[in-house]
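So you can see what is in the structure, the chains are spelled out below.
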Amino acid sequence: MTAYDPDDGGFHKLFCSACGSSLFSRSPSDPSVMSVRFGVLDADPGVRPSYRQFVAYAASWEQVPEDGLPHYPERRPPDA
């Protein structure tokens with residue numbers, strides 16, 4: 001695994017050192033807070049998303065679901 005620690009203090013990004021796939025990100029202030037990329041999972045993790053972020057960058061051919069979850073154009077605000 002390879003990590004990227006952004007200078008802006010954002011979450012550390014962790015990648016597969018063999019293929020470069022994004023695996024998860026981790027809070028620099030609390031390493032127990034992580035954001036797992038669902039694309040790396042082989043089976044249903046048994047949890048549902050609680051919000052959708054970065055919807056402003058969604059692929060034009062894939063509609064963002066209207067499923068009642070909060071949508072954020074970019075990163076979810078810390079006070080949300």
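Refer to the structure presented above.
What you see is a predicted model; the values in this text were computed from it and never measured.

The next point concerns the sheet that holds strand E1 (residues 2–4). Strands in a sheet are paired, the pairing made by backbone hydrogen bonds, and the direction either parallel or antiparallel. Strand order in this open sheet of four strands is E1-E2-E3-E4, and the pairing throughout is antiparallel. Single-partner strands in this sheet number two, and they are E1 and strand E4 (34–36). This sheet shows a mean twist of 25° between the axes of neighbouring strands, independent of strand direction. When strand E2 (residues 12–15) meets strand E3 (residues 22–26), the two strands line up antiparallel, connected through four bridges. Bridged to His 12 within E3 is Arg 26.

A full pass over the atoms with the stated rule returns two salt bridges. The residue Asp 44 makes a salt bridge to Arg 48 at a minimum N-O spacing of 3.5 Å. We classify Asp 44 as exposed; its relative accessible area is 56%. Measuring nitrogen to oxygen at the nearest pair gives 2.5 Å for the salt bridge that ties Arg 52 to Asp 67. Linking Arg 52 in the segment after E4 with Asp 67 in the segment after E4, this pair joins segments that are 15 residues apart in sequence. Among the residues examined, Arg 52 registers a relative accessible area of 23% and is labelled partly exposed. Using a relative accessible area of 36% as the deciding quantity, one classes Asp 67 as partly exposed.

Quick notes on the rules
Residues numbered from 1 in each chain as written. Predicted model: local features only at pLDDT ≥ 70, side-chain atom pairs only at ≥ 80, totals over all residues. Heavy atoms only, no water. Pairing = 2+ DSSP bridges. Helix = DSSP H or I, 4+ residues; strand = E, 2+ residues; numbered from the N terminus. Axes fitted to C-alpha atoms, helices over the stretch in contact; angles between N-to-C directions. Salt bridge = Lys/Arg side-chain N within 4 Å of Asp/Glu carboxyl O. Buried < 20%, exposed > 50% of the residue type's maximum accessible area, 1.4 Å probe, protein only.

Geometric descriptors of this kind do not, in isolation, establish any biological role.
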